[in-house]
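What follows is each chain in one-letter form.
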Amino acid sequence: MLARIQECILYRGFSNGEILDDMTELINLYEADEEALKAREDQFFKSVNGLVELAGMYGFSGNIWHTYLTFLLVNHENAFSMASEIRGAIKGSINDLAKNDFQIFKELYDFDITVFDKVFGTVCCRVICDYQTPDENSKLFNTRIRDRICQMSKTLAAATTTEEFMDDMVSFYKDFGVGKLGLHKAFRIGHDEEGKVEIQPITRIAHVKIDDLVGYEIAKKKLIDNTEAFVQGRKANNCLLFGDAGTGKSSSVKAILNEYYGQGLRMIEVYKHQFKALSEVLEQIKDRNYKFIIYMDDLSFEEYELEYKYLKAILEGGLGKRPKNVLIYATSNRRHLIREKFSDKRELDDDLHNNDTVQEKLSLAARFGVTIYYGSPDKFQFQGIVKALAEKYHLDMPEEELLLEANKWEISHGGLSGRTASQFITHLLGRK
């Protein structure tokens with residue numbers, strides 16, 4: 001079996017592949033030399049430990065040997081898996097190469113690892129073939145992704161032929177994608193061990209829905225219309241959501257991600273100090289079968305901060321063209337993004353080309369094709385948000401008392417805004 005796994009053409013060089021190497025070597029020894037196998041007791045228990053630790057990190061349960069193999073397959077980006085992600089079943093010689101690899105993996109699924117219990121005098125394999133995780137909360141996956149992988153492991157284990165096994169994998173790639181970009185919905189920019197720019201998954205995402213945001217119907221419609229055009233492959237604009245604090249700008253963007261994730265939308269959160277890395281990020285995502293929103297929250301610049309020049313080049317005007325599958329969404333409390341002071345006006349009197357200076361500062365915001373305003377609600381709208389949230393969370397409180405308490409709360413907690421209303425309801429739920 002060890003020699004067979006080395007015959008894989010496409011599925012090679014796995015991240016987290018150490019357990020695979022050790023286990024296939026043990027299987028190979030079991031079939032060839034059981035006495036030599038008994039001398040590998042430490043390797044066996046190390047592999048079992050690796051599977052249990054992996055199950056703990058990702059919240060896996062059931063046959064965690066099969067789940068581990070599935071985890072490797074669904075995360076491996078290669079010529080076949082990435083083509084299947086885009087087109088589903090494909091034609092050509094690459095199918096024969098993939099079939100060769102899937103035949104090898106099917107043999108691993110079919111091998112009964114509980115035979116090791118007799119060799120090493122343990123019950124470890126029986127336990128990991130029906131593993132019950134003590135904590136279903138995954139540290140590295142959200143539960144939806146975890147459940148997909150666990151279900152897929154059962155599907156692959158039940159495949160009776162290599163062709164069926166391959167068809168199941170192709171369906172998975174087509175429906176859910178491959179690798180971190182396929183399985184996760186949101187990402188941040190980080191660096192790998194060598195210091196190279198890396199897109200890293202965010203596993204905990206607020207499950208905000210569009211309907212959870214009370215009011216702002218015109219603003220939400222503009223955002224939805226632009227996003228729908230984008231995910232459907234039509235022309236769409238970069239968006240700037242600006243306005244008063246606590247009015248739901250960031251929540252709207254999160255809700256958009258949750259709404260359109262199933263249609264291939266992904267989001268990458270970027271901070272000002274990371275703008276230099278944007279070109280490298282775009283290189284990594286430009287040919288993928290997803291639509292990416294580069295998300296910049298609470299975006300604004302002091303006059304001495306020059307990072308906005310990198311952003312201007314990415315938005316429009318740089319020599320390199322922004323990929324068609326990428327848009328930029330930003331939220332800000334400022335309409336024009338770059339801070340301006342009255343003293344700037346006096347300085348302009350000494351500026352030989354003062355119009356050029358003004359245009360330099362205004363041109364950044366102008367490069368967002370869609371601008372959406374979120375203003376603070378008036379008293380009546382604020383009370384409507386409070387009542388809607390109280391109904392959502394089933395707060396049993398007379399309306400008159402609820403609104404009276406809400407008015408008291410907003411006076412001492414930041415004024416009229418959706419955020420203040422949400423914090424007030426949270427306060428009531430905590431008391432309850």
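For the structure, see preceding data.
The rules we used
Residues numbered from 1 in each chain as written. Predicted model: local features only at pLDDT ≥ 70, side-chain atom pairs only at ≥ 80, totals over all residues. Heavy atoms only, no water. Helix = DSSP H or I, 4+ residues; strand = E, 2+ residues; numbered from the N terminus. Buried < 20%, exposed > 50% of the residue type's maximum accessible area, 1.4 Å probe, protein only. Contact = heavy atoms within 4.5 Å. Pairing = 2+ DSSP bridges.

Draft legend 1. Structural detail: the side chain of Ser-84. Mapped onto the elements of the fold, Ser-84 is located in helix α6 (residues 79-87). The buried category is assigned to Ser-84, whose relative accessible area is 0%. In this structure Ser-84 touches Val-170, Tyr-173 and Lys-174, once residues within four positions along its chain are discounted.

Draft legend 2. Structural detail: the pairing of strand β1 (residues 186-191). As paired strands, β1 and strand β2 (residues 197-202) are joined by six bridges and run antiparallel to one another. Across the sheet, residue Ala-186 finds its bridge partner in β2, namely Ile-202. Counted along the chain from β1 to the antiparallel partner β2, the turn is five residues long, and its residue Gly-195 has a positive phi close to 85 degrees. Bridging between β1 and strand β4 (residues 265-269) involves three bridges; their strand directions are parallel. Paired with Ala-186 across the strands is Met-267, a residue of β4.

Draft legend 3. A look at the environment of Ser-171. Relative to the helices and strands, Ser-171 is located in helix α11 (residues 162-176). Given a relative accessible area of 39%, Ser-171 falls into the partly exposed group.

Draft legend 4. Focus on the environment of Arg-204. Position of Arg-204 relative to the elements: it lies in the loop between β2 and α13 (217-231). A residue is classified by how much of its surface remains accessible, and Arg-204, at 53% relative accessible area, is exposed. Arg-204 sits 62 residues away from Asn-142 along the chain, and the two C-alpha atoms are 6.8 Å apart.

By themselves these figures say nothing about function.
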